[in-house]
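Okay, here's what each chain looks like letter by letter:
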Amino acid sequence: MTDHILIGGGALAREMLEWFAPQLALSGDRFVGYLDDTGEAMAAFGAPLPWLGAIQDHTPDDRPLAMAIADPGARATLGAALTDRGGRFARLLHDRAWISAGARIGEGAVFAPFAYAANASTTGELAQINTFSAVGHDASVGAACCLSSQVDLTGGVKVGDRVFFGSGARVLPGVEIGDDARIGAGSVVVRAVPPRAVMYAQPARRLS
Amino acid sequence: MTDHILIGGGALAREMLEWFAPQLALSGDRFVGYLDDTGEAMAAFGAPLPWLGAIQDHTPDDRPLAMAIADPGARATLGAALTDRGGRFARLLHDRAWISAGARIGEGAVFAPFAYAANASTTGELAQINTFSAVGHDASVGAACCLSSQVDLTGGVKVGDRVFFGSGARVLPGVEIGDDARIGAGSVVVRAVPPRAVMYAQPARRLS
Amino acid sequence: MTDHILIGGGALAREMLEWFAPQLALSGDRFVGYLDDTGEAMAAFGAPLPWLGAIQDHTPDDRPLAMAIADPGARATLGAALTDRGGRFARLLHDRAWISAGARIGEGAVFAPFAYAANASTTGELAQINTFSAVGHDASVGAACCLSSQVDLTGGVKVGDRVFFGSGARVLPGVEIGDDARIGAGSVVVRAVPPRAVMYAQPARRLS
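Residues numbered from 1 in each chain as written. Chains lettered and ligands numbered in written order. Predicted model: local features only at pLDDT ≥ 70, side-chain atom pairs only at ≥ 80, totals over all residues. Heavy atoms only, no water.

Overview of the overall build of chain A
Moving on, step 1. Broken down by element type, chain A carries three helices and 23 strands.
Moving on, step 2. On C-alpha atoms alone, chain A measures out to a radius of gyration of 17 Å, which is about the 17 Å that the 2.2 N^0.38 rule sets for 208 residues.
Moving on, step 3. Expressed along its principal axes, the backbone C-alpha trace of chain A runs to roughly 45 × 35 × 30 Å.
Moving on, step 4. Looking at chain A as a whole, 60% of its 208 residues qualify as buried.
Moving on, step 5. Taking all contacts inside chain A whose residues are at least 6 apart in sequence as the whole, residues at least 24 apart take part in 26%.
Moving on, step 6. Total accessible area computed for chain A in this model is approximately 7500 Å², and 53% of it derives from carbon and sulfur atoms.
Moving on, step 7. In chain A, which carries 17 positive and 21 negative side-chain charges, the distance between the mean positions of the two groups comes to 7 Å. (Helix = DSSP H or I, 4+ residues; strand = E, 2+ residues; numbered from the N terminus. Rg over C-alpha atoms; globule rule 2.2 N^0.38 Å. Buried < 20%, exposed > 50% of the residue type's maximum accessible area, 1.4 Å probe, protein only. Contact = heavy atoms within 4.5 Å. Areas by Shrake-Rupley, 256 points an atom, 1.4 Å probe, with all protein chains shown as cover. Lys, Arg positive; Asp, Glu negative; His and termini not counted. Charge placed at Lys NZ, Arg CZ, Asp CG, Glu CD.)

Written as structure tokens, this is what we have:
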């Protein structure tokens, strides 16, 4: 029986709780609470999970952590802070996701229901792959990236760390995307994207 | 053993029959027939279901109804007419859909295979959510809306009544869409849409 | 116990192997090897499957073949060559796909996990329907077509032979697409496409 702790108490935390609690229960595991600035976020929804305190006050123990904050920068910063203090993050792969046996999945990565990881793909630590999104064959996704829903990273795509993909963004085969880029909803990325670039439209062009 | 009646005999009725008949059968339930102007629509496909007469001639009894017409205006008008005469519509949630326990689903709403309703979302009565489409966390969809396939309503989106979304349309977080709007296939809605507006393209602009 | 042979040893062959090997195993069936110019493609991945020789040297026997090359032209040419020599191709429908009982599926057609075939749809021989892609009601897809991920062919769409659809391409209801056309990723096809046309953008226009 393993107790898991959610990092964050917002909308993604509520989704994570629902996606994974039934599955954890199959092995007697559960979420025991969440860390956030205050306990108000979940209290507003009838407090399905107890508030355990602020993230910065948390002393990690042997209870695995689950990142439940969508923003890649926050994922990376909070993840590093908790890992530095000895915390470790659980890999959470939903049983309605499809994960290749030949895919490498980093610690703390999350695959939502109906997410997909193809053969020889790599998903970095603390990456979040949401519903109907795919990491294609031979593609790699860096640490702390967030793929919103219906994102398609096709074959051989190389994504750096802390990249955000909006709903329905897609990247053509083999294209590389630099660290900290942000790809707008519905964008179709057809050529390399430099670090920190904000891209949008079809074909994707640079907004900033 | 409950007998259900489909409203409409076209393509959506054929899909609904296939999506839900096996699932209804698990509790001994079934579709017993459909209502439409004539019995020709299904007869052309070998009549998988008997024709029970015209919609306007139907006197509702205790048999639940299932709306199988895609157009939001027709859904609303026929739904109201049948409800006014005492009819009630079944909630049909496919067992390959993923529905949050924290989602509110109105009477007569339909979730197709691979449809998704997130935490704290609200889907209005008689709304149709097709394959691979999502109602995001804290989002609300009004009565009689129709989401075609692969539509993504992201977090906190607010959709009025009788809105139609074409294939792959998506709406950015928190954006509001007025009653009776129509959102074209592949459109990316980035700001509020007034009632009755017809929107298309990426980012979506007004066609009429 | 039936032995299947994959045609091609690249990324799609690796995906096909993983998608279908567990399912074939349920009836004691398996993939026994693959045909390709050399045995290097899979060897680079630890050779999950033995190389059986070059495609052009293969003398088909009673072992069913499975096409694992994405390009529609190659699918058609190699498929014809092997069929002419007496080979036959297996229909492979993943158990996480949803296939209408009223859909017609040609020999050698492949439906990936989370693919969808609606009522009264027709999918031609050797067509490939990838993850999250849909063949809509009353739609038809010709021989050797390839739908990448998240493609939506809506109701009544008519697609010729050897058409390629990039990731997330979609086609409006009833639109016809000629033989050998190529539809770019993210394109929204709103009117008829002539044979051999290369289309892209939203709404789709002709590139060549």
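Now that the structure has been shown, we can carry on.
With respect to the interface of chain A and chain B
Moving on, step 1. Taken together, the contacts link 21 residues of chain A with 25 residues of chain B.
Moving on, step 2. Both faces considered, chain A and chain B share a buried interface measuring about 1700 Å² in area, 52% of it formed by carbon and sulfur atoms.
Moving on, step 3. Per-residue buried area on chain A facing chain B is highest for Glu-18, Phe-132 and Gln-150 of chain A; these three make up 30% of the total on that side.
Moving on, step 4. Counting the contacts that link chain A with chain B gives one salt bridge.
Moving on, step 5. Between Arg-14 of chain A and Asp-138 of chain B there is a salt bridge, and its shortest N-O distance comes to 3.0 Å.
Moving on, step 6. Applying the counting criterion to the chain A and chain B interface returns 15 residue pairs in polar contact (both at pLDDT 80 or more).
Moving on, step 7. Of the residues belonging to the side of chain A that touches chain B, the class tally is eight nonpolar, nine polar and four charged. (Buried area = accessible area lost by both parts, 1.4 Å probe. Salt bridge = Lys/Arg side-chain N within 4 Å of Asp/Glu carboxyl O. Polar contact = N/O pair within 3.5 Å; in protein donor to acceptor, adjacent residues only side chain to side chain. Nonpolar A, V, L, I, M, F, W, Y, C, P; charged D, E, K, R; others polar.)

Considering the nonpolar core
Moving on, step 1. One finds Leu-6 and Met-16 of chain A, Leu-6 and Met-16 of chain B together with Leu-6 and Met-16 of chain C to be the most contacted residues of the largest nonpolar core, which totals 72 residues.
Moving on, step 2. When residues of this core are traced back to their parent elements, those giving at least two are helix H1 (11-25) and strand E2 (30-35) of chain A, helix H1 (11-25) and strand E2 (30-35) of chain B together with helix H1 (11-25) and strand E2 (30-35) of chain C.
Moving on, step 3. Setting aside residues up to four positions removed in sequence, Leu-6 of chain A forms contacts with Ala-13, Met-16, Leu-17, Phe-31, Gly-33, Tyr-34, Leu-35, Leu-49, Ala-66 and Ala-68 of chain A. (Core = buried A, V, L, I, M, F, W, Y, C linked by side-chain atoms within 4.5 Å.)

With respect to the side chain of Ser-148 of chain A
All names here are of chain A.
Moving on, step 1. Tracing the chain through its elements places Ser-148 in the loop between strand E14 (146-147) and strand E15 (152-153).
Moving on, step 2. Accessibility expressed as a relative area gives 14% for Ser-148, which makes it buried.
Moving on, step 3. From its side chain, Ser-148 meets the backbone oxygen of Phe-165 in a polar contact 2.8 Å long.
Moving on, step 4. Excluding anything up to four places from it in sequence, Ser-148 contacts Asn-130, Ser-133, Phe-164, Phe-165, Gly-166 and Ser-167.

Things to note about the relation of the copies chain A and chain B
Moving on, step 1. Between chain A and chain B, the superposition needs a rotation of 120° and an axial shift of 0.0 Å, giving an RMSD of 0.0 Å. Viewed as a symmetry operation, the transformation between the two copies matches a three-fold axis. Closest approach to the rotation axis within chain A is made by the C-alpha atom of Phe-132 of chain A, at a distance of 4.2 Å. (Least-squares fit on C-alpha atoms with pLDDT ≥ 70 in both.)

Quick word on the pattern of salt bridges
Residue and element names in this part refer to chain A.
Moving on, step 1. In the structure shown here, the tally under the stated rule is 15 salt bridges over all chains.
Moving on, step 2. With a shortest N-O distance of 2.9 Å, Arg-30 and Asp-3 are connected by a salt bridge. Of this pair, Arg-30 sits in strand E2 while Asp-3 sits in strand E1 (residues 3-7), placing them 27 residues apart in sequence.
Moving on, step 3. Exposure remark for Asp-3: the relative accessible area of 18% places this residue in the buried category.

Some remarks on the sheet that holds strand E15 (residues 152-153) of chain C
All names here are of chain C.
Moving on, step 1. Spatially, the six strands line up as an open sheet ordered E6-E9-E12-E15-E18-E21, and their pairing is parallel. Of all the strands in the sheet, just strand E6 (98-99) and strand E21 (188-189) have a single pairing partner and so form its edges.
Moving on, step 2. As paired elements, strand E12 (residues 134-135) and E15 share two bridges and run parallel to each other. Opposite Val-135, over in E15, you have Leu-153 as the bridge partner. (Pairing = 2+ DSSP bridges.)

Structural notes on unusual backbone geometry
Excluding glycine, residues mostly have negative phi values, and the peptide bonds linking residues are mostly trans.
Moving on, step 1. Look at the link from Gln-202 of chain B to Pro-203 of chain B: it is a cis peptide, with omega at -5°.
Moving on, step 2. Its location among the elements puts Pro-203 of chain B in the loop between strand E22 (198-200) and strand E23 (205-206).
Moving on, step 3. Despite not being glycine, Arg-196 of chain A has its phi angle at roughly 70°, a positive value.
Moving on, step 4. Residue placement: Arg-196 of chain A occurs in the loop between strand E21 (188-189) and strand E22 (198-200).

This is a description of form; function is not addressed.
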